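Secondary and tertiary structure notes
Letter by letter, the chains look like this.
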Amino acid sequence: MTTPNFSLIRITTPKTWTAQELELLNKNFSDIEERLKLATIGPTGPVGPAGPPGATGATGATGATGATGATGPAGVWPIGAVFIAVVSTNPNTLLGYGTWSAIGAGRVLVGLDSGDTDFDTVEETGGGKTSTPSAHAGTAIADHTNTVSGPDTTVLASGISSVASASHIHTVTISSHIVTQPNTHSAMPIVQPYFVVFMWKRTA
């Protein structure tokens, strides 16, 4: 706060003052001056409302490219892992690493079984969509005899007539012969229910 220059006021006042008036006036001004000197600055008032936003400044220059981040966790799909998906995109593109080869076209997966020679080696293949029974060889039947007991039948010159006679036995000997099954069979489909996917094996 600036203190008024009361000396200037006393000097430049155009009125002619009596000595008593001047003394009283000087006393009053001196008292006011002292009070002003002793006065303290009051507390700061509250902040006024914010003004409207200024105009948007120009876009700054593009900053420098940051350092390349660390390589992703390649260990999630180690070499030898099998990746299964329903999209044909190579896993190298999807995951960002590794060398992958498509595997198992037209085949299903089965778990290794060391006790079964069909499934005891990793990446072993086998089986088929159809099965054809093998041809049957003829089966030989040894010589044998059939015996028939009963009344006799006599063939007469004119027509056929039956003449009863005493009981007797007819013996018929049958030579050895072969009973043969059909030699070829049609292939039978044995495709199990399936769901088609893409399968990839990581090789590097």
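Residues numbered from 1 in each chain as written. Predicted model: local features only at pLDDT ≥ 70, side-chain atom pairs only at ≥ 80, totals over all residues. Heavy atoms only, no water.

Moving on, we get to the overall build of the protein. Each helix and strand in the protein was counted, giving three helices and nine strands. Listed N to C, the secondary structure of the protein is α-α-β-α-β-β-β-β-β-β-β-β in terms of helices and strands. Each of the 204 residues in the protein was classed as buried or not, and the buried ones make up 6%. Taking as baseline every contact in the protein between residues at least 6 positions apart, the subset at least 24 positions apart corresponds to 67%. When the accessible surface of the protein is totalled, it reaches about 17,100 Å², and 59% of it is carbon and sulfur. (Helix = DSSP H or I, 4+ residues; strand = E, 2+ residues; numbered from the N terminus. Buried < 20%, exposed > 50% of the residue type's maximum accessible area, 1.4 Å probe, protein only. Contact = heavy atoms within 4.5 Å. Areas by Shrake-Rupley, 256 points an atom, 1.4 Å probe, with all protein chains shown as cover.)

Turning our eyes to something else, we now look at a negative patch on the surface. A contiguous patch of negative charge, built from Asp113, Asp118, Asp120 and Glu124, is present on the exposed surface. Mapped onto the secondary structure, Asp120 falls in the loop between strand E2 (100-102) and strand E3 (130-131). The exposure class of Asp120 is partly exposed, given its relative accessible area of 33%. (Patch = residues over 30% accessible without salt bridge, like charges linked within 9 Å, V, L, I, M, F, W, Y side chains within 5 Å. Salt bridge = Lys/Arg side-chain N within 4 Å of Asp/Glu carboxyl O. Lys, Arg positive; Asp, Glu negative; His and termini not counted. Charge placed at Lys NZ, Arg CZ, Asp CG, Glu CD.)

Turning our eyes to something else, we now look at the packing of aromatic side chains. This structure, assessed with the given rule, holds three aromatic pairs. Plain terms: the ring middles of Trp77 and Trp100 are 6.5 Å apart, the flat faces sit at 70° to each other, and that makes the pair edge-to-face. Taken together, the residues span a long stretch of sequence, with Trp77 in the loop between helix H2 (19-38) and strand E1 (82-85) and Trp100 in strand E2 at a distance of 23 residues. Among the residues examined, Trp77 registers a relative accessible area of 26% and is labelled partly exposed. Ring centres of Phe83 and Trp100 lie 6.0 Å apart, and the angle between their planes is 65°; this geometry places the pair in the edge-to-face category. Linking Phe83 in strand E1 with Trp100 in strand E2, this pair joins segments that are 17 residues apart in sequence. Using a relative accessible area of 10% as the deciding quantity, one classes Phe83 as buried. Among the aromatic residues, those joined into a cluster by ring pairs are Trp77, Phe83 and Trp100. (Phe/Tyr/Trp six-rings, centres within 6.5 Å; stacked < 30°, edge-to-face > 60°.)

Together, Val86, Val87, Leu94 and Phe195 make up an exposed nonpolar region whose accessible area comes to about 420 Å². Topologically, Val87 is positioned in the loop between E1 and helix H3 (91-95).

Next up on the list: the pattern of salt bridges. Per the stated rule, a full pass over the model turns up one salt bridge. Here Lys201 ties to Glu123 by a salt bridge, and the two come within 2.9 Å at their closest N and O atoms. Residue Lys201 is located in strand E9 (residues 198-202), and its partner Glu123 is located in the loop between E2 and E3; the two are separated by 78 residues in the primary sequence. Among the residues examined, Lys201 registers a relative accessible area of 21% and is labelled partly exposed. The exposure class of Glu123 is exposed, given its relative accessible area of 59%.

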